[in-house]
Amino acid sequence: MGIADDIMRMQQQMAVERYYWEATWRDVVTLCMPYASHKYELNGMNIASSLTGTAQQPQAAQRSKEIFDATAAWSLDRLNAGMESLIAPRAQKWHAFSLDDPFSPDPTDLEEEWLDRLRDYHFTARYDAKSNFALANQKAIRGACGLGTGILYLEENIGRRGIDPVKVPFFYRSIPVVETYLGIDAYDDVDKCIRVFELTARAAEGYFSQEGDSLPEKVKSALTNKPDQPFTFIHCVMPREEAGEHKDKRRHQPYASFWLEVESRHLIRSSGFFTFPYQVMWWDQTDGSPYGQSPVMAALSEIKMLQVMGKTVAHVSQQMIKPPMATMRGIYNQRLNLNAGAVNAGMMDEQGRLLAQPIIQAQNPTFAERLIEAKRLSVRESMYINLFQTMVDNPQMTATEALLRANEKGELLGPAGAKIETGIAGAIDREVDIVQRKGAFEQGSPLEPPSSVGGKNVGVKFTGPLARMRRMAEMQGIERVLQMATVVGEYDRSTLMKIDGDETLELTREINGAPRKMFKRDEEVAEQRQAMAQQQESQAALAMMQGAATAAKDATPAMQAMAQANGMMPA
């Protein structure tokens with residue numbers, strides 16, 4: 001059996017392990033993510049139809065027919081927007097690079113400037129429209145918040161037509177979790193992925209255009225007659241040692257990569273990766289599983305109850321506004337005209353009594369609405385909407401209160417944010433690996449590092465709003481210490497000498513995420529301080545000389561008078 005048969009058998013086994021997640025994913029998509037991919041419309045285990053989706057039209061209109069209360073849907077939208085803004089806001093540089101050596105001294109000014117330059121290049125490349133990071137990251141965070149698992153696929157630009165590999169060295173794509181089958185190692189890290197997806201014949205020809213790629217004959221023949229005919233493909237990435245007959249090939253690439261056409265089981269491309277290309281972010285990873293759970297899943301019963309209650313209140317309201325009618329026996333076949341201004345002849349007896357009366361059962365939807373509002377509040381709190389509303393509800397809070405609220409938000413959202421940050425950090429590490437292998441750190445390159453960086457690894461350090469919120473307690477402590485130092489310094493100024501102003505400013509800059517280049521280099525500051533000290537010494541010496549001259553000038557008349565009194569000088 002070849003590698004294609006091994007991969008197909010592996011996919012079937014992983015599909016069985018994933019089966020019980022699919023019903024929950026479908027419930028979440030139906031009730032909270034109506035605009036999600038059609039690929040979540042699963043119908044059985046057939047690869048060619050179910051795994052790639054059976055419907056190709058927009059699903060939002062169809063799914064919204066089952067939604068009678070949209071609280072969960074818009075709460076999830078707010079949670080998605082909030083987490084993206086806290087972790088990776090587009091208008092900020094939300095991470096920095098650091099030298100990944102815990103025992104090395106603090107980076108020098110030259111090293112800090114190089115790390116900032118490297119960060120600026122990555123942000124420029126990442127947010128280029130052709131790299132697709134902004135959209136892919138947004139979708140991946142949405143997957144983590146709603147389905148518990150979000151996936152980013154980071155691909156190296158090795159000659160995509162019309163795109164400069166220096167300006168855009170990599171491409172991002174968000175992969176729906178339903179499209180992938182994941183595997184983990186002994187440390188619960190994802191190290192295996194089988195992805196089932198569709199491409200048209202013409203798209204497959206454009207994508208599989210590298211040297212050595214081989215499309216099956218049926219795809220080639222479709223290029224002539226049906227270029228937009230879809231075909232199902234599999235991409236499998238696994239540790240090299242598990243690659244069977246291919247484990248000894250490309251040993252320098254730790255991860256083996258295989259692309260197959262499903263129906264023909266034709267191997268299109270066999271290659272590898274230096275770093276794992278599928279980066280997974282979770283809301284809360286399930287123990288021993290590559291998939292995660294989300295706050296939506298925890299509130300799913302409440303969300304379903306809201307739909308039932310919303311539907312019931314809609315019926316009750318409709319009955320109150322347009323109630324059923326009761327008529328006398330014998331006229332049941334006469335249809336009433338209930339339009340405004342309509343005349344219903346014969347519907348009143350000789351005593352002036354109506355022959356048709358509304359059936360009112362004294363329904364009171366107010367009680368049900370109160371229950372619904374309680375359920376809505378529960379759903380909103382399960383998705384942390386109350387935290388995002390804090391600043392809006394109380395815009396007049398003091399700076400101290402704002403710090404406390406920010407610290408509280410960081411503590412509550414921090415654990416989930418950290419798991420999302422881990423997935424993004426893996427993608428950034430892969431970015432650095434791609435850029436380094438393209439020669440960006442070689443001598444003469446604009447990103448050539450200082451010689452002191454040689455042999456050190458570059459790591460990612462998040463500096464976005466959520467990372468800063470986690471450190472608001474430090475900022476609050478600094479402010480309190482400085483306030484107390486000011487109070488104590490009023491009667492003992494020597495205590496102020498214990499405060500290191502340079503370190504305090506540096507720590508404040510780091511916590512608040514300000515750029516390093518706003519500060520001068522240490523050498524420049526030292527030179528200016530030395531010049532200032534020399535100037536102060538010169539001014540002190542000049543003042544001393546002027547004082548001595550003044551004293552001598554004032555003493556001359558007195559000395560002359562004393563000499564005359566002693567007969568030493570003529571009068």
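Residues numbered from 1 in each chain as written. Predicted model: local features only at pLDDT ≥ 70, side-chain atom pairs only at ≥ 80, totals over all residues. Heavy atoms only, no water.

A. Spotlight on the overall build of the protein. A count of helices and strands for the protein gives 18 helices and 14 strands. Relative to its 571 residues, the protein shows a buried fraction of 42%. For the protein, the share of sequence-separated contacts (at least 6 apart) that also reach a separation of at least 24 residues comes to 71%. Accessible surface, the protein: about 32,000 Å² in total, of which carbon and sulfur atoms supply 53%. (Helix = DSSP H or I, 4+ residues; strand = E, 2+ residues; numbered from the N terminus. Buried < 20%, exposed > 50% of the residue type's maximum accessible area, 1.4 Å probe, protein only. Contact = heavy atoms within 4.5 Å. Areas by Shrake-Rupley, 256 points an atom, 1.4 Å probe, with all protein chains shown as cover.)

B. Structural view of helix H5 (residues 109–126). With 18 residues, H5 should reach 26 Å at 1.5 Å per residue; the first-to-last C-alpha distance of 25 Å fits that figure. Among all positions in H5, only Asp109, Glu111, Glu112, Trp114, Leu115, Asp116, Leu118, Arg119, His122, Phe123, Ala125 and Arg126 are buried. (Expected span 1.5 Å × (residues − 1).)

C. Layout of the packing of helix H4 (residues 71–87) against helix H6 (residues 133–147). It is the contact of H4 with H6, at a shortest axis distance of 9 Å, that shows an interaxial angle of 125 degrees. Between H4 and H6, the crossing angle belongs to the class labelled oblique. As for how H4 packs across H6, the hand of that crossing is right-handed. Contacts from Leu76, Leu79, Asn80, Met83 and Glu84 of H4 reach H6 at Ala134, Gln138, Ile141, Arg142, Cys145 and Gly146. In terms of residue class, the contact of H4 with H6 is made up of 6 nonpolar, 3 polar and 2 charged. (Axes fitted to C-alpha atoms, helices over the stretch in contact; angles between N-to-C directions. Parallel < 35°, antiparallel > 145°, perpendicular 65-115°, else oblique. Left-handed = near helix turned anticlockwise from the far one by under 90°. Nonpolar A, V, L, I, M, F, W, Y, C, P; charged D, E, K, R; others polar.)

D. A look at H4. Look at H4: 24 Å from first C-alpha to last across 17 residues, which is about the 24 Å you get at 1.5 Å a residue. By the criterion of burial, H4 is predominantly enclosed, with 12 of the 17 residues buried. Turning to H4, its buried residues number three or more, namely Thr71, Ala72, Ala73, Ser75, Leu76, Leu79, Asn80, Gly82, Met83, Glu84, Leu86 and Ile87.

E. Local environment of the state of the cysteines. All chains considered together, the criterion is met by 0 disulfides. We note that Cys193 lacks a disulfide partner, and the nearest cysteine sulfur, in Cys236, lies 8.1 Å from it. Looking at Cys193, the relative accessible area reads 0%, which means it is buried. (Disulfide = S-S within 2.5 Å.)

F. Up close: a nonpolar patch on the surface. Together, Leu482, Leu496 and Ile499 give the surface a local cluster of nonpolar side chains, amounting to about 190 Å² of exposed area. When you line up the elements, Leu496 lands in the loop between helix H16 (472–489) and helix H17 (501–512). (Patch = residues over 30% accessible without salt bridge, like charges linked within 9 Å, V, L, I, M, F, W, Y side chains within 5 Å. Salt bridge = Lys/Arg side-chain N within 4 Å of Asp/Glu carboxyl O.)

G. Structural detail: the packing of aromatic side chains. One pass over the structure, following the stated rule, counts 22 aromatic pairs. An angle of 5 degrees between the planes, with centres 6.1 Å apart, marks the rings of Phe123 and Tyr127 as stacked. Among the residues examined, Phe123 registers a relative accessible area of 7% and is labelled buried. Between Phe170 and Tyr172, the ring centres sit 6.1 Å apart and the planes meet at 85 degrees, which makes this aromatic pair edge-to-face. Taken individually, Phe170 and Tyr172 each receive the classification buried, so the pair is uniform in this respect. The rings of Trp94, Phe123, Tyr127, Phe133, Phe170, Tyr172 and Phe462 are connected pair by pair, giving a single aromatic cluster. Geometry around Phe123 places Arg126 over its ring, the cationic atom sitting 4.8 Å from the centre. The cationic tip of Arg195 hangs over the ring face of Phe197; the distance from NZ or CZ to the ring centre is 4.1 Å. (Phe/Tyr/Trp six-rings, centres within 6.5 Å; stacked < 30°, edge-to-face > 60°. Lys NZ or Arg CZ within 6 Å of the ring centre and 35° of its normal.)

H. Geometry of the nonpolar core. Ile7, Cys32, Met83, Ile303, Met383 and Ile420 are the most contacted members of the largest nonpolar core, which totals 113 residues. Every residue in contact with Ile7, bar those within four places of it in the chain, is listed here: Ile194, Ile234, Cys236, Met238, Phe258 and Leu260. (Core = buried A, V, L, I, M, F, W, Y, C linked by side-chain atoms within 4.5 Å.)

I. Broad picture of a negative patch on the surface. Together, Asp522, Glu523, Glu524 and Glu527 make up a negatively charged patch on the protein surface. When you line up the elements, Glu527 lands in helix H18 (residues 522–565). (Lys, Arg positive; Asp, Glu negative; His and termini not counted. Charge placed at Lys NZ, Arg CZ, Asp CG, Glu CD.)

J. Main features of the side chain of Ser271. Structurally, Ser271 can be placed in strand S8 (residues 266–273). Of the residues examined, Ser271 reaches a relative accessible area of 14% and is grouped as buried. Apart from residues no more than four positions distant in its own chain, Ser271 is found in contact with Arg240, Arg250, Gln253, Tyr255, Ala256 and Ser257.

K. Highlighting unusual backbone geometry. At Asn132, a residue that is not glycine, the phi angle is positive and equals roughly 70 degrees. Residue Asn132 is classed as partly exposed on the basis of its relative accessible area, which comes to 28%. Despite not being glycine, Tyr384 has its phi angle at roughly 65 degrees, a positive value. Along the chain, Tyr384 falls in the loop between helix H11 (365–382) and helix H12 (385–388).

L. Structural context of the pattern of salt bridges. For the structure on display, the rule yields 24 salt bridges. Close ionic contact of Asp6 with Arg9 constitutes a salt bridge, the shortest N to O distance being 3.0 Å. One end of the pair is Asp6 and the other is Arg9, both in helix H1 (residues 3–32) and 3 residues apart, which spans about a single turn. Relative accessible area serves as the criterion here: at 21%, Asp6 is assigned to the partly exposed category. On the basis of relative accessibility, which here comes to 44%, the residue Arg9 falls in the partly exposed class. Residue Arg90 is joined to Glu84 by a salt bridge in which the shortest nitrogen-to-oxygen separation is 3.5 Å. Under the relative-accessibility criterion, Arg90 is labelled partly exposed at 48%. A network of salt bridges, in which partner residues are shared, links Asp69, Glu373, Arg376 and Arg380.

That's the geometry; what it means functionally is another story.
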